[in-house]
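The lines below spell out each chain.
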Amino acid sequence: MKGQAPMAIGLMWMFTTLTWLFVILRLYTRYFILHQVGADDHAYWLSGVLILLYTIFVQISGTYGFGQSIFTLDPDSIALAIKNEMVGQTFAVIGMGVAKVSLGLFLLRIVMKTWHKVIIWIAMVTLMVVSILTAVIFWIQCLPPSRIYDRRVPGECNIEVTPFAILLGVWCAVVDFFFAIFPWIFIWGLNMKYKEKITIAGSMSFGIIAGVCGVVRTYEVATGFTANYTQDTVPLIIWSAAEMAVTLMCIGIPILRPLYRRAVYGSNFSSERYYKKQDDGTDGRSYEMGSLPQRSGATENNRGFPLADPKLGIRGPTTITEIAGDNHSDESILGPEFRQSAIANQQNEHGIQVKQDVHVDWTKGPV
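Residues numbered from 1 in each chain as written. Predicted model: local features only at pLDDT ≥ 70, side-chain atom pairs only at ≥ 80, totals over all residues. Heavy atoms only, no water.

Some points on the overall build of the protein chain
Line of reasoning, step 1. Helix and strand content of the protein chain: 13 helices and five strands.
Line of reasoning, step 2. Contacts spanning at least 24 positions in sequence make up 75% of the contacts within the protein chain whose residues lie at least 6 apart.
Line of reasoning, step 3. Carbon and sulfur atoms provide 65% of the accessible area of the protein chain, an area that totals close to 17,700 Å². (Helix = DSSP H or I, 4+ residues; strand = E, 2+ residues; numbered from the N terminus. Contact = heavy atoms within 4.5 Å. Areas by Shrake-Rupley, 256 points an atom, 1.4 Å probe, with all protein chains shown as cover.)

What about empty space enclosed by the protein?
Line of reasoning, step 1. Counted by the stated rule, this structure contains three cavities of 30 Å³ or more.
Line of reasoning, step 2. Within this model, the largest cavity holds a volume of roughly 180 Å³.
Line of reasoning, step 3. Along the wall of the largest cavity there are 15 residues; nearest its centre are Gln-89, Val-93, Ala-165, Arg-217 and Phe-225.
Line of reasoning, step 4. Contributions of two or more residues to the lining of the largest cavity are made by helix 3 (75–108), helix 4 (114–140), helix 6 (162–187), helix 8 (207–224) and helix 10 (234–255).
Line of reasoning, step 5. The element that contributes the greatest number of residues to the lining of the largest cavity is helix 3, accounting for four residues.
Line of reasoning, step 6. Considering only residue class, the lining of the largest cavity consists of eleven nonpolar, three polar and one charged.
Line of reasoning, step 7. By volume, the second largest cavity is sized at about 100 Å³.
Line of reasoning, step 8. Taken together, Lys-100, Leu-103, Asp-176, Phe-179, Ala-180, Met-204, Gly-207, Ala-210, Thr-247, Cys-250, Ile-251 and Pro-254 make up the full set of residues lining the second largest cavity.
Line of reasoning, step 9. Counting only elements with at least two residues in the lining of the second largest cavity, the list comes to helix 3, helix 6, helix 8 and helix 10.
Line of reasoning, step 10. No other element matches the four residues that helix 10 contributes to the lining of the second largest cavity.
Line of reasoning, step 11. Its residues assigned to classes, the lining of the second largest cavity comprises eight nonpolar, two polar and two charged. (1 Å grid on protein atoms, 1.4 Å probe; cavity = no way out; pocket = protein on both sides within 12 Å on 5 of 7 lines; lining within 4 Å. Points joined across faces, edges and corners; volume = space filled by probe spheres on them. Nonpolar A, V, L, I, M, F, W, Y, C, P; charged D, E, K, R; others polar.)

Some words on the packing of helix 3 against helix 10
Line of reasoning, step 1. Contact geometry of helix 3 with helix 10 gives a least axis separation of 10 Å together with a crossing angle of 25°. When the axis of helix 3 is compared with that of helix 10, the two are roughly parallel. For the crossing formed where helix 3 meets helix 10, the hand is left-handed. Of the residues in helix 10, those in contact with Glu-85, Gln-89, Ala-92, Gly-95, Met-96, Ala-99, Lys-100, Ser-102, Leu-103 and Phe-106 of helix 3 are Leu-236, Ile-237, Ser-240, Glu-243, Met-244, Thr-247, Leu-248, Ile-251 and Ile-255.
Line of reasoning, step 2. Class assignment for the residues of the contact of helix 3 with helix 10 results in eleven nonpolar, five polar and three charged. (Axes fitted to C-alpha atoms, helices over the stretch in contact; angles between N-to-C directions. Parallel < 35°, antiparallel > 145°, perpendicular 65-115°, else oblique. Left-handed = near helix turned anticlockwise from the far one by under 90°.)

The following block contains the structure:
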């Protein structure tokens, strides 16, 4: 590899490595600590796969001439360099949309108001539509598609792809800024400690950096599609990788709070305080309450609370009370204060419900 390729590909592998560090830590947190993997996690690791494929194909392109002036390459090298670069760019276009979907799916588990959910869905769906549309037009701008990267192939090009690429870049940046600012809307009004609000909303707001990368990338889209494609698209390739990586790292930070709490406060903090799962399907703990005192003259039917409804199971001398605590919802990532506020605010709202189950059993003792 020559020219700017070693620098560009080195940066891309750095971004990819950092991304996969967050992917591995997130999957570890969700599977081994929280014991639940959701749709947002699948979208997250899929985004990690897409940025990996993006980097791999750009590296392949580098072996044929990516990063060098197109005027110094032979026709076969030009065709192979541009073709592999286009394949990598396709993975990047789809990957940026999937990364935003991962964040949107996570937020959908937390928000409680209907208009919050609607606006999140609008952001996710519109971005994915624009991403897929851009990827398709990228490959059908010329017919046959091989004419895009090999001008020796006869055909014609009737679609200008640059406006669609700019639209995608602008909308990606808008969604980045939206997802960075939006958490402050519903978190700031909660009954939580000020420090907790800053920590949670602030960690989600690192998406502003991704938005800035998106703005720069959009500028490079507008100026990078020139006759010297293999060299002039180098900044575009780098900023696309940077935007994807920063987006995925920003998404991963709040999800890793249970892992951080476990590392700092001990192994029992996250999994046993927030996510305790009992063998019988509940997620609460059992506390033995001991035997109730036996009254004089008690019989088999009047020990304990003889006037209580038999269905309550407390007429006998021994009770086992099982209280179910926090469930597996992603809202536990926001801490116990969020739960308390959520319960208080859900009287007139539909959202994540925190239920406390009490299971009472009894055993018959000697008269």
